[in-house]
Amino acid sequence: MTGSDGAALAGDLPPSLSAAARPPRLGDELARRTRPVVLWYGSTYGVLERVPGGWMMSGMERMSPQDARDSLAWWFRNMARFHATGADRTAYQDGAVLLEHGHLDEVTVAGRVFRVVRADRFCRFGLDGPEPPRPTDFDAR
């Protein structure tokens, strides 16, 4: 539904809509209602890059902000060594040095903006136990 204001979350969707065809936000609302207990499992860290229209995630599996910085510095060094030329190569090398010797959470390198970010991990529980995958979750096969 183009331009929806989210009112369908209140349950006014047609009953014939299959679980896989429902909007993901409806799945979120159903999970909140059927599995109201949220257990927090700690934080994880990663790097996002600003792209036209938003941010692109490149992984959220690091255990600390410094682990994410080190990972980004390693990626910068590989970009400088194998993929970049001229001024971009120097920019990637300089970006790696900045991350290795400082606690920067945002850096611009070769015209690209990167930010170290935090995400919280949690699991929803209800009367029937933990929440299984939702019909709208991506599942590569």
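Residues numbered from 1 in each chain as written. Predicted model: local features only at pLDDT ≥ 70, side-chain atom pairs only at ≥ 80, totals over all residues. Heavy atoms only, no water.

Draft legend 1. Quick look at the pairing of strand β3 (residues 106-109). Side chains of β3 alternate between two faces, with Val-107 and Val-109 buried and Glu-106 and Thr-108 left unburied. Bridging between β3 and strand β4 (residues 112-126) involves four bridges; their strand directions are antiparallel. Paired with Val-109 across the bridge in β4 is Arg-112. In this structure, the hairpin formed by β3 and β4 is closed by a connection of two residues, where Ala-110 is found at a positive phi of approximately 55°. (Buried < 20%, exposed > 50% of the residue type's maximum accessible area, 1.4 Å probe, protein only. Helix = DSSP H or I, 4+ residues; strand = E, 2+ residues; numbered from the N terminus. Pairing = 2+ DSSP bridges.)

Draft legend 2. Spatial organisation of the side chain of Arg-69. Residue placement: Arg-69 occurs in helix α2 (residues 65-83). For Arg-69, the residues in contact, after removing those within four places along its chain, are Leu-99, Gly-102, His-103, Leu-104, Asp-105 and Val-116. (Contact = heavy atoms within 4.5 Å.)

Draft legend 3. Region of interest: the nonpolar core. Among the nonpolar cores identified, the biggest contains 16 residues, and Val-47, Leu-72, Phe-76, Tyr-92, Leu-99, Val-107 and Phe-114 are the most heavily contacted of them. For this core, the elements supplying multiple residues, two or more each, are β1 (37-51), α2, α3 (86-101), β3 and β4. At six residues, the largest contribution of residues to this core is made by α2. (Core = buried A, V, L, I, M, F, W, Y, C linked by side-chain atoms within 4.5 Å.)

Draft legend 4. The pattern of salt bridges, seen in detail. In this structure the tally under the stated criterion is eleven salt bridges. Salt-bridge contacts for Glu-29 lead to Arg-32; the nearest nitrogen and oxygen are separated by 3.3 Å. With Glu-29 and Arg-32 both in helix α1 (residues 24-34) and three residues apart, this pair spans about one turn of that helix. On the accessibility criterion, Glu-29 (17% relative accessible area) is buried. The exposure class assigned to Arg-32 is partly exposed, which follows from its relative accessible area of 41%. (Salt bridge = Lys/Arg side-chain N within 4 Å of Asp/Glu carboxyl O.)

Draft legend 5. Inspection of the layout of surface pockets at higher detail. As a volume, the largest pocket reaches approximately 260 Å³. Around the largest pocket, the lining comprises 17 residues; the ones closest to its centre are Val-47, Ser-58, Ser-71, Leu-72 and Trp-75. Secondary structure elements with two or more residues in the lining of the largest pocket: β1, β2 (54-57), α2 and β4. At five residues, α2 tops the list of elements feeding residues into the lining of the largest pocket. Residues that form the lining of the largest pocket fall into these classes: nine nonpolar, four polar and four charged. (1 Å grid on protein atoms, 1.4 Å probe; cavity = no way out; pocket = protein on both sides within 12 Å on 5 of 7 lines; lining within 4 Å. Points joined across faces, edges and corners; volume = space filled by probe spheres on them. Nonpolar A, V, L, I, M, F, W, Y, C, P; charged D, E, K, R; others polar.)

Draft legend 6. Inspection of unusual backbone geometry at higher detail. At Ala-110, a residue that is not glycine, the phi angle is positive and equals roughly 55°. Within the element layout of this structure, Ala-110 appears in the loop between β3 and β4.

Draft legend 7. Region of interest: a nonpolar patch on the surface. Where nonpolar side chains cluster on the molecular surface, the patch consists of Val-37, Leu-39 and Tyr-41 and spans about 270 Å² of accessible area. With respect to the secondary-structure elements, Tyr-41 resides in strand β1. For Tyr-41, a relative accessible area of 46% corresponds to the partly exposed category. (Patch = residues over 30% accessible without salt bridge, like charges linked within 9 Å, V, L, I, M, F, W, Y side chains within 5 Å. Areas by Shrake-Rupley, 256 points an atom, 1.4 Å probe, with all protein chains shown as cover.)

These figures capture arrangement, not role.
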